[in-house]
Amino acid sequence: MTMFWCRRLSAWVLIAFCLALTIVPGCGTRTRTLPHEVSFEGLKLVVWDANQPLYPGSPSWEEEVNDCVREFSDEYRVSVEVRLVTREELRLAITGKFISDKIEDVDAPDLVYSTEWPVVSKSCAPVHDILDLNDLLDSTVSYWTKDARVLGIPAYAHWFCAAARSSPGKTPCDEISANTDWVTGCKGKISYWQESPAFFGPIAANGLTEESIMTYLQWVKSFCGPPAPDPLTSWQSGEVLALFPVNPHLFRWLQTSGGGHGDIVPLTLPGPSGEGGAFYTVPGYVVLAQADPKKTCAALLGQVLAQRLGQWAARTFGGIPASSVDMSTFHLCSALSYEDRTSLTRAIQEGSLVAPDSAKEQVRMEMQSFCADSILRYLQGLLSLDDLAQSIRRGLSGHTSP
């Protein structure tokens, strides 16, 4: 596991990094100033967060959260209750569907973690008039922006890709993407999880319509090949050249224990248009408190937690921090090659994806669930294109009863 610690650190990089740390006090964030004269003393905040995977040699995310909350509570003299809940409970809280008065001894949250699949809703309080967001990557802020209001505090970019095999020391990410011979050779040798929420990532930017879904599924069938019973087994046995969709957690695991057969690089698949495009989400924190001073206090705590999460993600599994101040952590500690880090960072910086409205995301979830069997059978060659279109149409319209 030592490959995931900062390697080959030159002296000048270390000096620059240490200097950066010396000017970043408290939980790894800038010195915070209150946006206006307001006292938080005596306030109680309720924060809902989630457990994260444990990585050997790294502190758990629970430890990081408790550390941040302790420092914040001391600084502002507030009381903060942290609850680690399920991702489903977090989603229900953000969409306003969690009714806390029906559960004994559970206070409604003032600040919640968005999960890796963020949505925006009318419950999300704007934070752009409270926080200084200038140090954040523009694409991570725009991800959370709706109707000129920033409805979440970005932590990091959670990227998705195809994990592709290459010969050791050859074909870095950019070259693979542009290598026509490699793409031709890869055709029909890509395993995939069609039930993954990220499966439709290559067409996410333009929205999911009947036409776009049909076109995409036809491309998957012709370019990737039929679905494997167990994509991971196909990858480990060397039967396929790429695995899709892969998030940073799985990519790290594949690099260390997911089988040999050459180096592994992140690859953006060309998609039906042939142009490809990065797919990512931007996890962060959402303020649900609607009135001051609690709203402002929750936003400030959310900023602290978001930056710490971005740093932790960069160190542990290769997430790209939303804060430009913390990009050095990503470059120093990531196990990705320089070419791969540069390519992924550029793709995120040039990205234009936005957090979906909760209602639209619900439609996608219902469609993908309702059409799961039809999609599988079509990709296996057992269902006609017309029958698939009918199933997709019903799934998108919400008419999912027999």
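Residues numbered from 1 in each chain as written. Predicted model: local features only at pLDDT ≥ 70, side-chain atom pairs only at ≥ 80, totals over all residues. Heavy atoms only, no water.

Draft legend 1. Expanded view of the layout of surface pockets. One number sums up the size of the second largest pocket: a volume of about 670 Å³. Taken together, 27 residues form the lining of the second largest pocket, with A204, G207, V354, P356 and E361 sitting closest to its centre. Every element with two or more residues in the lining of the second largest pocket is listed here: β11 (279-281) and α13 (358-370). The element contributing the most residues to the lining of the second largest pocket is α13, with 5 residues. When its residues are assigned to classes, the lining of the second largest pocket shows 17 nonpolar, 5 polar and 5 charged. (1 Å grid on protein atoms, 1.4 Å probe; cavity = no way out; pocket = protein on both sides within 12 Å on 5 of 7 lines; lining within 4 Å. Points joined across faces, edges and corners; volume = space filled by probe spheres on them. Helix = DSSP H or I, 4+ residues; strand = E, 2+ residues; numbered from the N terminus. Nonpolar A, V, L, I, M, F, W, Y, C, P; charged D, E, K, R; others polar.)

Draft legend 2. Fine view of the pairing of strand β2 (residues 79-84). With 6 bridges joining them, strand β1 (residues 44-49) and β2 adopt parallel strand pairing. Its bridge partner lying in β2, W48 is registered against R83. (Pairing = 2+ DSSP bridges.)

Draft legend 3. Quick look at the confidence of the model for the chain. Across the chain, the average pLDDT comes to 83, with 81% of residues at or above 70. Across residues 1-32, where pLDDT falls below 50, the model places 52 contacts with residues more than four positions away in sequence or in other chains. Confidence drops under pLDDT 50 across residues 168-176; counting only partners more than four residues distant or on other chains, this segment forms 17 contacts. (pLDDT = per-residue confidence, 0-100. Contact = heavy atoms within 4.5 Å.)

Draft legend 4. Broad picture of helix α2 (residues 61-76). The terminal C-alpha atoms of α2 lie 22 Å apart, and with 16 residues this matches the ideal 22 Å at 1.5 Å per residue to within 8%. Among all positions in α2, only W61, E64, V65, C68, V69, F72, S73 and Y76 are buried. Seen along its axis, α2 keeps its buried residues to an arc of 160 degrees; they face one direction. Among the structural elements, β1, β2, β12 (284-287) and α10 (294-316) are those in contact with the buried residues of α2. Once α2 finishes, R77 follows within two positions and takes phi at roughly 55 degrees, a positive value. (Expected span 1.5 Å × (residues − 1). Buried < 20%, exposed > 50% of the residue type's maximum accessible area, 1.4 Å probe, protein only. Arc of directions from axis to C-beta.)

Draft legend 5. Representation of the sheet that holds β1. Strand order in the open sheet made by the 5 strands is β2-β1-β3-β12-β6, with mixed pairing throughout. Two strands in the sheet have a free side with no partner beyond their single neighbour: β2 and β6 (153-154). In this fold helix α3 (residues 87-94) packs onto β1, β3 (111-113) and β12, with an angle of close to 135 degrees to the strand it touches most, β3. (Axes fitted to C-alpha atoms, helices over the stretch in contact; angles between N-to-C directions.)

Draft legend 6. Highlighting the packing of helix α7 (residues 210-224) against helix α15 (residues 385-397). Contact geometry of α7 with α15 gives a least axis separation of 10 Å together with a crossing angle of 140 degrees. The angle between the axes of α7 and α15 places the two elements in the oblique class. As for how α7 packs across α15, the hand of that crossing is right-handed. Every residue of α15 that contacts α7 at E210, I213, M214, L217 and Q218 is listed here: L385, L388, A389, I392, R393 and L396. (Parallel < 35°, antiparallel > 145°, perpendicular 65-115°, else oblique. Left-handed = near helix turned anticlockwise from the far one by under 90°.)

Draft legend 7. Spotlight on the pairing of strand β9 (residues 242-246). The element β9 is largely enclosed, with a buried count of 5 among its 5 residues. In the sheet, strand β8 (residues 190-192) pairs with β9 via 3 bridges, with the strands oriented parallel. Its bridge partner lying in β9, S191 is registered against L243.

Draft legend 8. A look at the side chain of T95. By the secondary structure assignment, T95 is in the loop between α3 and β3. At 3.0 Å, the side chain of T95 forms a polar contact with the backbone oxygen of R91. (Polar contact = N/O pair within 3.5 Å; in protein donor to acceptor, adjacent residues only side chain to side chain.)

Draft legend 9. Structural context of the pattern of salt bridges. All chains considered together, the criterion is met by 12 salt bridges. For E81, the salt bridge goes to K44, with nearest N and O atoms at 3.3 Å. In this pair, E81 is assigned in strand β2 and K44 in strand β1, connecting sequence segments 37 residues apart. A residue is classified by how much of its surface remains accessible, and E81, at 24% relative accessible area, is partly exposed. For K44, a relative accessible area of 37% translates into the label partly exposed. (Salt bridge = Lys/Arg side-chain N within 4 Å of Asp/Glu carboxyl O.)

Draft legend 10. Representation of the environment of T345 in the model. In this fold, T345 is placed in helix α12 (residues 338-349). For the pair T345 and W159, spaced 186 residues apart in the sequence, the C-alpha separation amounts to 9.7 Å. Sequence-distant contacts of T345, that is, excluding residues within four places in its chain, are made with I320, M327, F330 and H331.

Draft legend 11. Quick peek at the packing of aromatic side chains. For the structure shown, the criterion picks out 20 aromatic pairs. Taking 5.1 Å as the distance between ring centres and 75 degrees as the angle between the ring planes, the aromatic pair formed by F199 and F200 counts as edge-to-face. Each member of the pair, F199 as well as F200, is classed as buried. Measuring from centroid to centroid gives 5.6 Å for F200 and Y216, while their planes differ by 50 degrees, and the two rings are tilted. Here the residue F200 occupies a position in the loop between β8 and α7, and Y216 occupies one in helix α7, the gap between them amounting to 16 residues. Of the two residues, F200 and Y216, both sit in the buried class. The aromatic ring of Y378 is capped on one face by K221, whose charged end is 4.3 Å from the ring centroid. (Phe/Tyr/Trp six-rings, centres within 6.5 Å; stacked < 30°, edge-to-face > 60°. Lys NZ or Arg CZ within 6 Å of the ring centre and 35° of its normal.)

Draft legend 12. Quick look at the environment of E239. Mapping E239 onto the fold places it in the loop between α8 (231-236) and β9. Sequence spacing of E239 and S191 is 48 residues, and the spatial spacing of their C-alpha atoms is 9.1 Å.

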